[in-house]
Amino acid sequence: MAGLIKREDIDEVRSRTDIREIVEGYVTLKSAGIGSFKGLCPFHDERTPSFHVRPQMGTYHCFGCGESGDVISFVMEMDHTPFTETVEILAARIGYELHYEQGTGQTKEEVGRRQRLLDAHKIAAEFFQKNLYTPAAAPAQKFLGGRGFDPASSQKFGVGYAPKGWDNLLKYLQNKGFTTDELRATGMFSEGNRGLYDRFRGRLVWPIRGIAGETIGFGARKLFDDDQGPKYLNTPETQLYKKSQVLYGIDLAKRNISRQKKIVVVEGYTDVMAAHLAGVDTAVATCGTAFGTDHIKIVRRLISDDGSGGEVIFTFDGDAAGQKAALHAFAEDQRFVAQTYVAVAKDGMDPCDLRLARGDAAVRSLIESRRPLFEFAIDATLADFDLDSLEGRVRGMRAIAPIIAGIKDAALRPAYVRQVAGQLGLDIGEVQRAVTYALNHPQLSASQKAEAAEAERAARQAGEETEQRAQENPFEQPDMSDPLAKLERDALEIVVQKPDYLSVEQWQELATVQYRYRMHAGVGQGIIGAASTMAPVPGHAWVNTVRAHAPEEVHALIAQLTVAPIPARTVDQLVRYSRDILNRLFEQQITRQKSDLLMRLQRTNAATEPKEYRQIQQQLLELEMQRRKKMQGQD
């Protein structure tokens with residue numbers, strides 16, 4: 001070992017290092033008077049700044065938790081490095097040569113472990129970038145070009161290519177003097193019976209950088225069909241890389257996040273690239289994990305989340321996974337003072353696809369179209385309930401009451417109580433009572449109320465045995481105690497036995513019916529298929545054709561429908577009965593469509609989306625006219 005660093009060198013590094021510059025790599029600081037700056041403490045969770053830095057004195061102190069010290073202790077606390085290694089890191093930043101009590105200085109093997117890991121990552125990133133412009137990297141170049149990224153864009157984000165082969169990077173770093181133990185600790189290599197080999201092979205590679213801009217890990221996407229690994233492969237947990245504490249793109253976005261007091265959280269590396277290139281320069285992404293508590297701490301420090309404004313905007317895909325991610329983010333919403341929003345493209349495209357299809361302006365418009373995250377959580381939660389039934393509406397109200405109770409701005413809650421009451425067709429007082437109960441629930445803290453909404457949703461799904469069985473057996477017999485199940489069954493009996501009683505208009509409407517139960521949908525599939533190949537005439541040929549076009553799982557039901565007694569004694573009664581049953585079925589479809597449109601109408605801004613607002617109103621008017629016509633037909 002080279003020995004202890006001389007005391008005078010330690011003092012020199014301490015005095016020459018600008019503590020404000022170092023701290024601002026982790027915390028956004030504001031002026032707090034002459035020679036003093038303040039920000040949110042990085043050592044404990046707080047809502048108002050109590051962390052003060054005095055550059056002239058070279059010290060920091062938090063009046064909230066009592067943490068204090070100099071630039072060396074600050075880096076030791078933030079990066080979890082030992083004293084000697086910390087001094088070496090700071091000395092390297094200012095180009096100061098250290099001297100030791102024993103020996104003349106450090107050899108290559110005696111350089112601090114963390115710095116050696118950082119050096120290895122820096123050299124590896126350069127290696128990958130150089131390989132991106134070789135003939136072997138043509139698939140990587142094609143991938144980037146196909147997503148609208150030119151060489152300048154790739155260079156800005158340090159994108160590279162890991163060549164095929166087992167030891168290209170391994171040999172390269174070994175030739176740079178790195179030992180096997182050092183390379184093993186980087187996470188860039190796997191280990192087998194023959195020793196270390198490259199973890200990333202034949203993949204497009206993104207360097208993952210820390211908040212200060214140093215490369216601490218990599219994310220890699222597969223390009224070749226013979227690659228048996230996952231689509232995306234990240235560095236495993238190492239001394240440098242903790243995925244729950246890393247945000248991709250934070251090094252490029254941190255200054256803009258601090259200045260604008262806004263952060264946009266997207267879902268992947270290409271989304272971050274697309275967002276920045278489109279002008280959304282506050283975009284970051286998590287690295288293969290959900291947005292969690294440690295990420296929130298980073299964000300709160302950067303936007304100075306002290307109640308003086310600030311926005312956190314999440315973008316998610318419009319699919320089920322995207323909805324789940326949004327609800328998970330909402331569960332963490334109460335940890336922010338800033339307002340949280342969600343931005344989802346109407347066609348479900350992510351920022352990268354959106355930019356490719358419609359240009360930079362479309363990405364900016366997506367972010368501008370953000371809506372409060374609690375609104376999205378309300379709509380996503382209600383989508384799980386049958387709002388056509390009273391029971392479903394009441395259960396939906398109970399599920400979203402904690403969401404409304406969790407709205408930070410108390411003045412907004414009454415407005416959402418009224419909106420949801422109208423949406424569900426329930427009394428305002430009843431909804432308000434549910435929200436008040438959620439607010440006053442003695443066993444839930446403010447942050448837990450949001451989590452309760454997700455927990456209740458999960459429990460509700462797990463507890464609905466009928467739905468669970470339907471997923472396991474999609475063609476399970478419907479519950480005939482459900483009025484809609486009986487209505488669908490009665491209508492199918494008519495069509496199977498008396499297809500000639502349907503008018504051309506009724507056949508057209510029947511083709512658009514969406515059945516609640518999969519068994520009935522299977523029979524409906526067979527009926528429409530049969531009608532497209534033969535004239536709908538009662539008899540064996542008709543039933544056999546229906547059966548031929550229907551899934552095998554519903555053949556037994558078709559046999560039942562064929563012989564089921566129809567409650568009519570005369571031809572006139574049969575005609576009237578058939579007309580009434582079908583009209584009721586079609587009216588049910590209209591009611592469901594109206595409910596969907598009404599929910600869309602409440603989510604549409606008449607001022608910013610006037611065309612769509614008018615179109616929905618017109619559709620509602622037309623559906624209401626159709627509904628009234630059906631009701632008149634039953635008289």
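Residues numbered from 1 in each chain as written. Predicted model: local features only at pLDDT ≥ 70, side-chain atom pairs only at ≥ 80, totals over all residues. Heavy atoms only, no water.

S.K.: Describe the overall build of the protein chain, naming the residues involved and giving the relevant values.
M.R.: Summing up its helical and strand segments, the protein chain has 28 helices and 17 strands in all. The burial tally for the protein chain puts 49% of its 635 residues in the buried class. Summarising the internal contacts of the protein chain: among those between residues at least 6 apart in sequence, 67% fall at separations of at least 24. Summing over all exposed atoms, the protein chain offers an accessible surface of approximately 30,500 Å²; the carbon and sulfur share of this is 49%. (Helix = DSSP H or I, 4+ residues; strand = E, 2+ residues; numbered from the N terminus. Buried < 20%, exposed > 50% of the residue type's maximum accessible area, 1.4 Å probe, protein only. Contact = heavy atoms within 4.5 Å. Areas by Shrake-Rupley, 256 points an atom, 1.4 Å probe, with all protein chains shown as cover.)

S.K.: Describe in detail the environment of Q129, supporting the description with residues and values.
M.R.: Tracing the chain through its elements places Q129 in helix α5 (residues 113-131). A C-alpha to C-alpha distance of 8.5 Å links Q129 and V205, two positions 76 residues apart in sequence. Leave out the neighbours within four places in its chain, and Q129 touches G158, V159 and G160.

S.K.: Let's hear about the sheet that holds strand β5 (residues 68-70): which residues, and what values?
M.R.: In space, the five strands of this open sheet follow the order β1-β2-β3-β4-β5, with antiparallel pairing throughout. The open sheet has two free edges, formed respectively by β1 (30-31) and β5, since each of these has just one partner strand. Note: strand β4 (residues 59-62) against β5, three bridges, orientation antiparallel. Bridging from a neighbouring strand, H61 pairs with S68 of β5. (Pairing = 2+ DSSP bridges.)

S.K.: How would you explain unusual backbone geometry if you had to name every residue and give the values?
M.R.: At K261, a residue that is not glycine, the phi angle is positive and equals roughly 55°. Relative to the helices and strands, K261 resides in the loop between α10 (250-260) and β13 (262-266).

S.K.: Before we move on, could you go through the packing of aromatic side chains and cite the residues and values that matter?
M.R.: By the definition in use, this model includes 19 aromatic pairs. Residues W206 and Y269 carry aromatic rings whose centres are separated by 5.1 Å and whose planes lie at 20° to one another, so their mutual orientation is stacked. You can see W206 sitting in strand β9 (residues 203-209) and its partner Y269 sitting in helix α11 (residues 269-277), a full 63 residues away along the chain. Taking relative accessible area as the criterion, Y269 reaches 7% and is therefore assigned buried. Centroid distance Y248 to Y269: 4.9 Å. Interplanar angle 80°. Geometry classified as edge-to-face. (Phe/Tyr/Trp six-rings, centres within 6.5 Å; stacked < 30°, edge-to-face > 60°.)

S.K.: How would you sum up the sheet that holds strand β10 (residues 215-222)? Please name residues and give values.
M.R.: A sheet is described by the order of its strands in space; here four strands give the open sequence β6-β9-β10-β11, paired in antiparallel fashion. Because the sheet does not close on itself, it has two edges, and the strands there are β6 (160-162) and β11 (232-234). Across the sheet, the mean angle separating the axes of adjacent strands is 35° when strand polarity is ignored. Across three bridges, the pairing between β6 and β9 is antiparallel. (Axes fitted to C-alpha atoms, helices over the stretch in contact; angles between N-to-C directions.)

S.K.: Which residues make up helix α15 (residues 360-368), and what are the values?
M.R.: Those residues of α15 lying buried are A362, V363, L366 and I367. The buried residues of α15 occupy an angular sector of 140° when projected down its axis, which confines them to one face. Packing partners of the buried residues in α15 comprise β13, α11, β15 (311-315), β16 (339-343) and α14 (351-358). (Arc of directions from axis to C-beta.)

S.K.: Lay out the side chain of E488 with the relevant residues and their values.
M.R.: Structurally, E488 is set in helix α22 (residues 483-497). Look at E488 and you get buried, because its relative accessible area is 0%. When neighbours within four sequence positions are excluded, E488 is seen to be in contact with Y515, R516, Y517, H520 and L585.

S.K.: An account of the pattern of salt bridges is needed here, citing residue identities and associated values.
M.R.: Under the counting rule described, the total for this entry stands at 21 salt bridges. Between R14 and D11 there is a salt bridge, with the nearest N and O atoms lying 3.0 Å from each other. Of this pair, R14 and D11 both sit in helix α1 (residues 7-16), separated by three residues, roughly a single helical turn. We classify R14 as partly exposed; its relative accessible area is 26%. In this structure, R370 and E311 form a salt bridge, with 3.0 Å as the shortest nitrogen-oxygen distance. Of this pair, R370 sits in the loop between α15 and β17 (371-372) while E311 sits in strand β15; the two residues are 59 residues apart in sequence, bridging distant segments of the chain. (Salt bridge = Lys/Arg side-chain N within 4 Å of Asp/Glu carboxyl O.)

S.K.: Describe in detail the packing of α5 against helix α8 (residues 168-175), supporting the description with residues and values.
M.R.: The contact between α5 and α8 brings their axes to 11 Å, and the two run at 130°. The orientation of α5 with respect to α8, classified from their angle, is oblique. Considering how the two elements wind past one another, α5 and α8 form a crossing that is right-handed. Contacts from A120, I123, A124, F127, F128 and K130 in α5 reach N168, L169, Y172 and L173 in α8. (Parallel < 35°, antiparallel > 145°, perpendicular 65-115°, else oblique. Left-handed = near helix turned anticlockwise from the far one by under 90°.)

S.K.: Mind laying out helix α26 (residues 555-563), listing which residues take part and the relevant values?
M.R.: Taken together, the buried positions of α26 are occupied by L557, I558 and L561. All buried residues of α26 fall inside an arc of 100° around its axis, so they share one side. For α26, the exposed residues set more than 90 degrees away from the buried face come down to A556 and V563. Residues of α26 that are buried sit in contact with α22, α24 (518-531) and α25 (540-549).

S.K.: Go over the environment of I558 with me, naming the residues and quoting the values.
M.R.: Within the secondary structure, I558 is located in helix α26. Taking the C-alpha atoms as reference points, I558 and V546, 12 residues apart in sequence, are found 8.3 Å from one another. Those residues within four positions of I558 in sequence are excluded, and the remaining contacts are V523, V543, V546, R547 and A550.

S.K.: Report on the pairing of strand β7 (residues 189-192), specifying residues and quantitative values.
M.R.: Regular strands place their side chains on alternate faces of the sheet. Bridge count for β7 against strand β8 (residues 195-198) is four bridges, and the pairing is antiparallel. Looking at β8, one finds that G192 is bridged to G195. Counting the residues in the hairpin turn of β7 and β8 gives two residues.

S.K.: Can you explain the packing of helix α17 (residues 390-405) against helix α18 (residues 413-424)? Please cite residues and give values.
M.R.: Two elements in contact, α17 and α18, have axes separated by 11 Å at closest approach and are oriented at 165°. Classed by the angle they form, the pair α17 and α18 counts as roughly antiparallel. As α17 runs across α18, the sense of the crossing is right-handed. Of the residues in α18, those in contact with R393, M397, I400, I404 and A405 of α17 are R413, Y416, V417, V420 and L424. The class makeup of the residues in the contact of α17 with α18 is eight nonpolar, no polar and two charged. (Nonpolar A, V, L, I, M, F, W, Y, C, P; charged D, E, K, R; others polar.)

S.K.: Explain the pairing of β16 to me, and be specific about the residues and the numbers.
M.R.: Taken across its five residues, β16 has four buried, putting it largely inside the fold. Taken together, the five bridges between β15 and β16 define a ladder with parallel strand orientation. The partner of V312 across the bridge, within β16, is T340.

S.K.: Report on the confidence of the model for the protein chain, specifying residues and quantitative values.
M.R.: Predicted confidence across the protein chain gives a mean pLDDT of 84, with 86% of residues reaching 70 or more. Across residues 107-111, where pLDDT falls below 50, the model places nine contacts with residues more than four positions away in sequence or in other chains. Note that pLDDT drops below 50 for residues 442-472; the model gives that stretch 34 contacts with residues more than four away or on any other chain. (pLDDT = per-residue confidence, 0-100.)

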